[in-house]
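Structural overview for review
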Amino acid sequence: LMVYMRASSELLEGVADASYAADPLDAIMAGAISWFLDYAFIHGTGAGMPLGILNSPCLVTVDKEAGQPADTVLYENLSKMFARQANPMGSVWLINRTAIPQLLQLSVTIGVAGSHVPVLSQSGGTFTILTRPVIFTEKLPTMGSVGDIIFADLSQYAVGMRKELTLERSNAVSWLTDQVDWRGRIRVDGQPLWSEPMTPKAGDTLSPFVVLESRT
């Protein structure tokens with residue numbers, strides 16, 4: 001994976017004048033590479049790029065509820081996803097932000113009095129569903145599509161770093177325009193550690209990566 005950036009010499013001088021502890025332009029390039037690596041670890045086809053979670057042969061897809069309206073998420077969806085996760089207490093929820101309004105309205109009725117317990121809980125700045133952390137991200141499909149909600153044990157995804165990120169700069173290419181060019185390069189691959197779902201002695205198949213069927 002490679003990234004290219006160009007900046008004016010005046011900008012570089014301003015950065016130097018500010019006496020940053022680390023070059024913010026380098027950090028920007030590293031952040032851009034990280035974004036696309038995360039996206040590949042989720043969506044990658046495995047051809048010239050990592051094999052992403054959504055294309056993994058071990059992926060388990062939970063059926064939507066009978067008659068479930070389009071572009072919705074129900075408590076039953078989440079509880080069934082939890083049940084199909086091979087390691088639920090070591091997993092996290094990855095969810096597209098478009099699901100937030102519905103998740104904030106989901107609740108479970110408890111007891112005869114009908115007390116409502118929120119499905120999406122918050123404590124100390126961290127959201128949880130069924131006690132497991134929630135990470136909201138734009139890197140997933142929007143609400144209703146397969147992969148808008150992933151319950152994942154990320155310890156079961158292997159990332160191979162063949163060569164760490166290298167950043168190079170040169171003013172040779174843009175000498176006449178008084179600009180400096182950057183090139184960032186990283187050699188990396190990734191894929192799930194499981195080749196297929198696990199079949200337990202009794203019950204449905206289990207996987208470290210569980211998604212919900214399309215509701216479009």
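Described in the following lines is the structure provided in the data block. (Residues numbered from 1 in each chain as written. Predicted model: local features only at pLDDT ≥ 70, side-chain atom pairs only at ≥ 80, totals over all residues. Heavy atoms only, no water.)

1. Section: the nonpolar core
Core analysis: the largest hydrophobic core is formed by 25 residues, its most contacted members being Leu25, Ile53, Leu94, Ile150, Trp182 and Phe209. Every element with two or more residues in this core is listed here: strand S1 (2–8), helix H2 (24–43), strand S3 (92–95), strand S9 (149–152), strand S11 (179–192) and strand S12 (209–212). Element by element, the count of residues in this core is highest for H2, at six residues. The contact partners of Leu25, leaving out residues within four places of it in the chain, are Met5, Ala7, Leu11, Leu12 and Trp182. Listed in part, the 20 residues of the second largest apolar core include Val62, Met81, Ile129 and Leu212. (Core = buried A, V, L, I, M, F, W, Y, C linked by side-chain atoms within 4.5 Å. Buried < 20%, exposed > 50% of the residue type's maximum accessible area, 1.4 Å probe, protein only. Helix = DSSP H or I, 4+ residues; strand = E, 2+ residues; numbered from the N terminus. Contact = heavy atoms within 4.5 Å.)

2. With respect to a negative patch on the surface
Where like charges cluster on the molecular surface, the negative patch consists of Glu10, Glu13, Asp17 and Asp178. By secondary structure assignment, the location of Glu10 is in helix H1 (residues 9–18). When its relative accessible area of 51% is taken as the criterion, Glu10 is described as exposed. (Patch = residues over 30% accessible without salt bridge, like charges linked within 9 Å, V, L, I, M, F, W, Y side chains within 5 Å. Areas by Shrake-Rupley, 256 points an atom, 1.4 Å probe, with all protein chains shown as cover. Salt bridge = Lys/Arg side-chain N within 4 Å of Asp/Glu carboxyl O. Lys, Arg positive; Asp, Glu negative; His and termini not counted. Charge placed at Lys NZ, Arg CZ, Asp CG, Glu CD.)

3. Remarks on the side chain of Asp153
In this fold, Asp153 is placed in the loop between S9 and strand S10 (157–170). Within the structure, Asp153 has its side chain in polar contact with the side chain of Ser155 (distance 2.7 Å). Those residues within four positions of Asp153 in sequence are excluded, and the remaining contacts are Gln85, Asn87, Gly90, Ser91, Pro208 and Phe209. (Polar contact = N/O pair within 3.5 Å; in protein donor to acceptor, adjacent residues only side chain to side chain.)

4. Brief notes about helix H3 (residues 75–84)
Spacing of three or four residues puts side chains on the same side of an α-helix, whose turn is 3.6 residues. Three or more residues of H3 are buried, namely Asn77, Leu78, Met81 and Arg84. Projected down its long axis, H3 carries its buried residues within an arc of 125 degrees, all on one side. The inward-facing, buried residues of H3 abut strand S2 (60–62), S3, helix H4 (100–105), strand S7 (126–129), S9 and S12. (Arc of directions from axis to C-beta.)

5. What about a positive patch on the surface?
There is a patch of like positive charges on the surface, built from Arg162, Lys163, Arg185 and Arg187. Put simply, the parts of the chain that give the positive patch at least two residues each are S10 and S11. Within the secondary structure, Lys163 is located in strand S10. By relative accessible area, Lys163 is classed as partly exposed at 40%.

6. Quick word on the pattern of salt bridges
On inspection of all chains with the given rule, the structure shows five salt bridges. Residue Arg6 is joined to Asp181 by a salt bridge in which the shortest nitrogen-to-oxygen separation is 2.8 Å. Here Asp181 lies in strand S11 and Arg6 lies in strand S1, a separation of 175 residues in the sequence. Using a relative accessible area of 41% as the deciding quantity, one classes Arg6 as partly exposed. Where Lys80 meets Glu65, a salt bridge forms, and the shortest distance between an N and an O atom there is 2.8 Å. Note that Lys80 is positioned in helix H3 and Glu65 in the loop between S2 and H3, a separation of 15 residues in sequence.

7. Points about unusual backbone geometry
Residues other than glycine seldom take positive phi values, yet Leu130 does so here, at roughly 55 degrees. Turning to its location among the elements, Leu130 is positioned in the loop between S7 and strand S8 (132–136). For Leu130, a relative accessible area of 27% puts it in the partly exposed group. In this model, Thr131 sits at a positive phi of 75 degrees, which is unusual for a non-glycine residue.

8. Some details on the sheet that holds S11
Read from one edge to the other, the open sheet built from three strands follows the order S1-S11-S10, with strand pairing classed as antiparallel. The open sheet terminates on both sides in strands that have one partner only, identified here as S1 and S10. Neighbour to neighbour, the strand axes of the sheet diverge by 15 degrees on average, direction disregarded. Here S10 pairs with S11 via 11 bridges, running antiparallel. (Pairing = 2+ DSSP bridges. Axes fitted to C-alpha atoms, helices over the stretch in contact; angles between N-to-C directions.)

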